[in-house]
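Examining the three-dimensional arrangement
In case you want the letters, here they are:
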Amino acid sequence: MRNTFFHTTFFLLLTFASTTAWADSSGNVIDKTQSLSDGADIYKHICQSCHMSDGKGAEGAGARFPALAKNPKLQSAEYAASVVLNGMGAMPWFAVTLDDQQIANVVNYIRTHFDNYYTNAIKPDIITMMRPHLTEEYE
């Protein structure tokens, strides 16, 4: 069971990595996430592969991807932002992939869609304060 979890997590991270960056004709790596600014676009291209297009989550292959729809934990914008920044369980962390504005946009999108009606939006400056202090190795 533990091997299945790690293999599933590895596969998801590999899938995510292959869809967020590519190399141009000069071999320079281009980060495709930089073009994603709208919360709906970020959700569609990054989150919905695990949490599903309807936000109802999924379970299988030894992994569980929690529902975002009608999720009372999303009442706290800081909680949602912390999970996106730092990851949780099988979910990878996005602190090095998404900037503060992108994280605020996707968190605000999730909290106002999927039968969630939390209107107190989180701002990018709050994300900046929450962001883990990363070494240059990860930036």
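Read on for an overview of the structure. All chains use their own residue numbering, which begins from 1 and follows the written sequence. Whole-chain, interface and lining totals are the exception, using all residues; otherwise, since this is a predicted model, local features are given only for residues with pLDDT of at least 70 and side-chain atom pairs are given and counted only at 80 or more. Side-chain numbers come from the whole structure's heavy atoms, not from hydrogens or water.

Brief notes about the overall build of the chain
Note the cut-off: Secondary structure elements are taken from DSSP: a helix is a run of H or I of four residues or more, a strand is a run of E of two residues or more, and numbering for both begins at the N terminus. A 1.4 Å probe rolled over the protein chains alone gives each residue an accessible area, and that area as a share of the maximum for its type sets the label: buried under 20%, exposed over 50%, partly exposed in between. Note on contacts: a residue pair is in contact if any heavy atoms of the two residues lie within 4.5 Å. Methods summary: accessible areas were calculated by the Shrake-Rupley approach with a probe of 1.4 Å, and residue burial reflects only the protein chains presented.
Scanning the chain from N- to C-terminus turns up five helices and four strands. From first element to last, N terminus to C terminus, the chain shows the α and β order α-β-β-α-β-β-α-α-α. By residue count, 35% of the 139 residues in the chain fall in the buried class. Partitioning the contacts of the chain with sequence separation of at least 6, the portion at a separation of at least 24 is 55%. For the chain, the accessible area works out to roughly 8,700 Å², and carbon and sulfur atoms hold 57% of it.

Focus on the packing of aromatic side chains
Selection rule: Between the rings of Phe, Tyr and Trp (Trp by its six-membered ring), a pair exists once the centres lie within 6.5 Å; its type follows the angle of the planes, with under 30 degrees stacked, over 60 edge-to-face, and the other angles tilted.
Tallied over the full model, the rule gives three aromatic pairs. With a centroid separation of 5.9 Å and 45° between ring planes, the pair formed by Y43 and Y109 is classed as tilted. Taken together, the positions of Y43 in helix α2 (residues 39-51) and Y109 in helix α4 (residues 100-112) put the pair 66 residues apart, joining distant regions of the chain. Per residue, the accessibility class of Y43 equals that of Y109, and both read buried. Taking 5.8 Å as the distance between ring centres and 90° as the angle between the ring planes, the aromatic pair formed by Y109 and F114 counts as edge-to-face. For the residue pair Y109 and F114, the accessibility class agrees, reading buried in each case. Taken together, the ring pairs connect Y43, Y109 and F114 into an aromatic cluster.

Observations regarding the environment of Y117
Which entries qualify depends on this criterion: Polar contact is the term for a pair of N or O atoms within 3.5 Å; when the atoms are in protein, one must be able to donate a hydrogen and the other to accept it, and sequence-neighboring residues count only if both atoms are side-chain atoms.
Locating Y117 in the fold gives a position in the loop between α4 and α5 (124-130). According to the relative accessible area criterion, Y117 is exposed, its value standing at 66%. The spatial distance from the C-alpha of Y117 to the C-alpha of Q75 is 8.6 Å, given a sequence separation of 42 residues. There is a polar contact of 3.3 Å between the side chain of Y117 and the side chain of D115.

A short note on the side chain of Q102
Relative to the helices and strands, Q102 is located in helix α4. Polar side-chain contacts of Q102 include one of 2.5 Å to the backbone oxygen of L36.

A word on the pattern of salt bridges
Quick note on the threshold: For salt bridges, the criterion is a side-chain nitrogen of Lys or Arg within 4 Å of an Asp or Glu carboxyl oxygen.
Tallied over the full model, the rule gives one salt bridge. Salt-bridge contacts for R131 lead to D100; the nearest nitrogen and oxygen are separated by 2.6 Å. Within this pair, whereas R131 is found in the segment after α5, its partner D100 is found in helix α4, the two being separated by 31 residues in sequence. Since its relative accessible area comes to 18%, R131 is described here as buried.

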